[in-house]
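# Coordinate inspection notes
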Amino acid sequence: MAVLRVQDLVVDFATRQGNARVLDHISLEIDEGEILGIVGESGCGKSMTALSIMGLVPSPPGNITAGSIKLDEREIAGASSEQMRTIRGNEIGMIFQEPMSSLNPVFTVGEQIAESVRLHEGADSRAAFARAVEMLQAVGIPEPEKRARAYPHELSGGMRQRVMIAIALACNPRVLIADEPTTALDTTVQAQIFDLLEELQKNRGTAIVLITHDMGAVAQLADKIAVMYAGRIVETGAVDDVLSNPRHPYTRGLIACVPHLQVKPTKQRHPLLEIPGVVPSLTELGEGCAFSPRCDRMHSKCLQHQPVLETVPDTGDNSHRVACWVTEARADDV
Amino acid sequence: MTIAETPHMEPRPEHPAAQAWRVFRTRPAALFGLLLLVVIGVVSIIGPSVYAVDPFEIVWAPLTAPFQTPTAPLGTDYLGRDILAGLIIGGRATLLVGLTAALITVSIGIFIGAFSGYYQGWVDDVFMRITEFFQVLPPLLFAMVLVTLFSPSLVVIALSIGIVSWPATARLARAEFMRIRGLEYVSAGRSIGARNGRLIWRVILPNALAPLIVSATLTIGIAILFEAGLSFLGLSDPNVMSWGLMIGGGRQYILDAWWVVTLPGVMIFMTVLGVSLVGDGLNDAFNPKLRDR
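Residues numbered from 1 in each chain as written. Chains lettered and ligands numbered in written order. Predicted model: local features only at pLDDT ≥ 70, side-chain atom pairs only at ≥ 80, totals over all residues.

### A short note on the nonpolar core
Stated formally: Take the buried Ala, Val, Leu, Ile, Met, Phe, Trp, Tyr and Cys residues, join any whose C-beta atoms are within 7 Å, and the set you get is a nonpolar core. With C-beta atoms placed from the backbone, a residue is labelled by how many other C-beta atoms lie within 10 Å of its own: buried for 20 or more, exposed for 12 or fewer, partly exposed between the two. Start and end points for every domain follow an automatic or database-based domain assignment.
Judged by nonpolar contacts, the single largest core of 172 residues is most densely connected at A166(A), I177(A), V209(A), L210(A), V227(A) and V234(A). Inspection of this core shows a minimum of three residues originating in each of domain 1 (2–33 + 49–222) and domain 2 (232–257 + 272–333) of chain A.

### Some points on the domain arrangement of chain A
For an interface, size is often stated in terms of accessible area lost upon the parts coming together. Residue and element names in this part refer to chain A. Test applied: Placing C-beta atoms from the backbone, we regard two residues as in contact once those atoms come within 7 Å. Strands here are runs of E lasting at least two residues and helices are runs of H or I lasting at least four, both read from the DSSP assignment and numbered beginning at the N terminus. Think of it as three bins: nonpolar holds Ala, Val, Leu, Ile, Met, Phe, Trp, Tyr, Cys and Pro, charged holds Asp, Glu, Lys and Arg, and polar takes everything else, Gly as well.
Its domain assignment divides chain A into domain 1 (2–33 + 49–222) and domain 2 (232–257 + 272–333). Computed over C-alpha atoms only, the centres of domain 1 and domain 2 are separated by 29 Å. Across the contact, 12 residues belong to domain 1 and eight residues belong to domain 2. Residue assignment for the side of domain 1 that touches domain 2 shows that the elements contributing at least two residues are strand 2 (18–31) and helix 8 (215–221). Per element, the largest residue contribution to the side of domain 1 that touches domain 2 is six residues, and it comes from strand 2. For the side of domain 1 that touches domain 2, the per-class residue count stands at seven nonpolar, three polar and two charged.

### As for the pairing of strand 4 (residues 62–71) of chain A
Residue and element names in this part refer to chain A. Operational definition: Any two strands with at least two DSSP-identified bridges between them are counted as paired.
Bridge count between strand 1 (residues 2–15) and strand 4: eight bridges; the pairing is antiparallel. Among the inter-strand pairings, Q7 is bridged to a residue of strand 4, identified as S68. As defined by bridge partners, strand 4 adjoins strand 5 (residues 74–75) across two bridges and the pair is classed as antiparallel. Paired with L71 across the two strands is R74, which belongs to strand 5. Hairpin connection from strand 4 to strand 5: two residues lie between these consecutive antiparallel strands, with D72 at a positive phi of about 50 degrees.

### Remarks on the packing of helix 3 (residues 83–119) of chain B against helix 6 (residues 154–181) of chain B
All names here are of chain B. To keep things clear, this is the line we draw: Between N-to-C directions, angles cover 0 to 180 degrees, with each direction set by a line fitted to C-alpha atoms, over the stretch in contact for helices. Helix crossings fall into two classes, left-handed where the near helix is turned counterclockwise from the far one by less than a right angle and right-handed where it is turned clockwise.
Look at helix 3 against helix 6: their axes get within 4 Å of each other, and the N-to-C directions meet at 35 degrees. The hand of the helix 3/helix 6 crossing is right-handed. Its residues assigned to classes, the contact of helix 3 with helix 6 shows 23 nonpolar, nine polar and four charged.

### Topic: the confidence of the model for chain B
All names here are of chain B. Rules: Summary of the metric used: pLDDT quantifies the predictor's per-residue confidence within the range 0 to 100.
For chain B, mean pLDDT is 84; residues scoring 70 or higher make up 93% of the total. At the level of individual helices and strands, chain B shows its lowest average pLDDT in helix 11 (residues 288–291), which scores 60, and its highest in helix 4 (residues 121–136), which scores 92. Reported confidences for the modelled complex are a pTM of 0.79 and an ipTM of 0.77.

### A closer look at the interface of chain A and chain B
Taken together, the contact between chain A and chain B spans 35 residues of the former and 22 residues of the latter. If you list the elements that add at least two residues to the side of chain A that touches chain B, you get helix 2 (81–87), helix 3 (109–121), helix 6 (157–169) and helix 7 (187–204) of chain A. Per-element accounting of the side of chain A that touches chain B gives the leading share, four residues, to helix 3 of chain A. Broken down by class, the residue content of the side of chain A that touches chain B amounts to 14 nonpolar, 14 polar and seven charged.

Following this line, the structure appears as structure tokens:
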């Protein structure tokens, strides 16, 4: 049973350069207790997907033009702002990229966690504060009683991100959206936060949408993956299928870009790989595949027709789908 | 978890106000200003019961210079009323008008600025046009008209000063709200389901407060000067003794009896100086760049 199902979601932004289609027929599905990784470069629509689900697309200029977002069969795309308000924080929680700036500097972290509980459960301040302490404990903060009375600037980045997670999970949401939760943190702290997310997902059965450009984290944590490019999903499927047998040149490029750690430095180092070019401007997308200008395997059809997501043949459960005209599997040449 | 996280230890969480005080108390000028205000405040509050002379009562010959008679140590005004008594009790009205006017200024300013800066769009357009309308009116003239239209009572004077001086505060509040509403913790607040009202008053306002407190403090000084200015022009409540009233009454005798105007003038000067020094000190105290020195 899917907790969250996004179908053919289209989001347009009115810009001075014309209409920008920031999300173009996005379809996602996530079950209870699953982790879905959304990967892609900056500006490909990952965060916009998150904001759409939260009902926080800045409008104007943004607008959900078509499609549906269903939370437990309940349509939430186009729900009233009051309805969305009761869903946000209560049924869908969100963690932001910058734990440094996502906490309100003038209130203690305990007050901020309690705020969410008070808003949704009408708890009195004593009960809400008790819950805050409980949540701090759950996210692995030592001395939660004392930490609850600390101000954000007194905590380290990793601790602050734990607090953000505690705020997002305080009301036990069904879905947690983590928008690049570790980008601003040190590598060792990143690992701790990922471990924490995995642990919480196991204990609470929260479905997690993990937005990241860390392919390593996706490989380790996620059950499913969606690769986005220029507002579209170009490849999706079970993580193992997609990473071991990537079909889209962009997915292969992203995998190839992950630097390899060489324990013994040799004279000959592998050069770091990159995908040439940049994400095209969304107002200047032509007829064909948006990735074609950067693709090393482009042929004439790619310039004329937009490829559609199609099931990759000979995979186990038919969940592996890719939008590319060049579908011959040649994973070995990556 | 394999690697233990070393928490950043601090002996005790420090409230932002406590941090501000830590900087404030290192500024001698600010402390001097605070001392001035405390002395003036205490004298205004308990002074009249210690030196119980009616400031409207005629006690000696008119225009007696200071130190001539123990009955009126600082001399008498043009009616023979005790100047010292006036100075002591006159602070009440002056401070009251100053504080009330500043409160009105800041309340209107924050209200208009908050909605303008938060909602933007047409709300901002409407509120800013109103603000500009009030901004282009010459403040002293506008206040004089208001006071003349109604009676020159303390309430009307405080209201008039508040009404003519809120636009600057509104613009400051608006700028702060526009800056803060784009910050991530506001989005974070929205993402846990906070309403607009909550975001405005509970999330953004506390963070916008520092510059507004500084501006409010300085507004008190401006309001006191304003009140004195109106009094000088004869627009003050004749039934309530205030420093402004004393100056207004004595202005014809300024060449023959300097004390009648100068002594209340010095009081106003000291009060405004105290308010300004405290305002500057608060400005430093709320400046995050200076806070952690």
